[in-house]
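Chain residues, written in single-letter form:
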Amino acid sequence: MQPKGEQDVASFRPLHDRVLVKRVKEEEKTKGGIIIPETAQEKPQEGEVVAVGPGTRDEDGEYIKLDVKAGDRILFGKWSGTEVKVDGEELLIMKESDILGVIETKKAKKDAA
């Protein structure tokens, strides 16, 4: 039996407009090469969406899907979400409204020759 509050990631499904997020590790060095001790580091405000709920229901009972999906890289507020431990890994559960935006990577355009 697993300790209270711990579940397998594969069996965890957020409800409604909730999103399960894994924080992205920040650099432990400054640009100048100074190593920042763990006690002085702030928790990153960037993460990767692990799982999303089905969305909220409108007045007619139809689901309004979330704008984010699993695999999206996001920015969120400093105090957003609730920290949980799922399958021994520290994750965050937050509402979609706590997400500030999705980070989209631009692919380099090839010169047409």
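On a predicted model such as this, the values are computed, not experimentally measured, just so you know.

Caption draft 1: Structural context of the overall build of the protein. Counting secondary structure elements, the protein contains zero helices and eight strands. If you list the helices and strands of the protein from N to C, you get β-β-β-β-β-β-β-β. Going through the 113 residues of the protein one by one, you find that 23% of them count as buried. When contacts within the protein are restricted to residue pairs at least 6 apart in sequence, long-range pairs at least 24 apart make up 64% of them. Surface accessibility of the protein: about 9,200 Å² in total, with carbon and sulfur atoms responsible for 50%.

Caption draft 2: Representation of the pattern of salt bridges within the structure. Scanning all chains against the criterion turns up five salt bridges. Residue Glu-89 is joined to Lys-22 by a salt bridge in which the shortest nitrogen-to-oxygen separation is 3.3 Å. You can see Glu-89 sitting in strand S7 (residues 89-95) and its partner Lys-22 sitting in strand S1 (residues 18-23), a full 67 residues away along the chain. We classify Glu-89 as partly exposed; its relative accessible area is 28%. Given a relative accessible area of 38%, Lys-22 falls into the partly exposed group. Of the charged contacts, one joins Glu-83 and Arg-23 as a salt bridge, the two residues approaching to 3.4 Å between their closest N and O atoms. Note that Glu-83 is positioned in strand S6 (residues 82-86) and Arg-23 in strand S1, a separation of 60 residues in sequence.

Caption draft 3: Structural context of the nonpolar core. Judged by nonpolar contacts, Val-19, Val-21, Val-49, Leu-66, Val-68, Ile-74, Phe-76, Leu-92, Met-94 and Ile-99 together constitute the single largest core of ten residues. When residues of this core are traced back to their parent elements, those giving at least two are S1, strand S5 (73-76) and S7. For Leu-92, the contacting residues outside a window of four places in its chain are Val-19, Leu-20, Val-21, Arg-23, Phe-76, Ser-80, Gly-81, Thr-82 and Glu-83. The next biggest cluster of nonpolar side chains, apart from the first, holds five residues, and it includes Leu-20, Ala-51, Leu-91 and Ile-93.

Caption draft 4: Expanded view of the packing of aromatic side chains. Here the structure, examined in full by the defined rule, presents zero aromatic pairs. Just above the ring of Tyr-63 sits the side chain of Arg-57; from NZ or CZ to the centre is 4.1 Å.

Rules used throughout
- Residue positions are given per chain, counted from 1 along the sequence in the order it is written.
- Confidence filtering applies because this is a predicted model: local features only for residues at pLDDT of at least 70, side-chain atom pairs given and counted only at 80 or more, and all residues used for totals across whole chains, interfaces and linings.
- Hydrogen atoms and water are omitted, and side-chain values are computed over all heavy atoms in the structure.
- Runs of H or I in DSSP of at least four residues are treated as helices and runs of E of at least two as strands, each being numbered from the N terminus.
- Each residue is assigned to one of three classes by its accessible area relative to the maximum for its type, calculated with a 1.4 Å probe on protein chains only: buried under 20%, partly exposed between the two thresholds, exposed over 50%.
- Only heavy atoms enter the contact rule, under which two residues are in contact if any of them lie within 4.5 Å.
- The accessible surface values rely on the Shrake-Rupley method and a 1.4 Å probe; as for residues, cover is taken only from the protein chains in view.
- When a carboxyl oxygen of Asp or Glu is within 4 Å of a side-chain nitrogen of Lys or Arg, the pair counts as a salt bridge.
- Remark: nonpolar core denotes a set of buried residues (Ala, Val, Leu, Ile, Met, Phe, Trp, Tyr, Cys) joined through side-chain atoms within 4.5 Å.
- Pairing of aromatic rings covers Phe, Tyr and Trp, the last through its six-membered ring, and needs centres within 6.5 Å; plane angles under 30 degrees mean stacked, over 60 mean edge-to-face, and all others mean tilted.
- Criterion for a charge above a ring: Arg CZ or Lys NZ at most 6 Å from the ring centre, at most 35 degrees from the ring normal.

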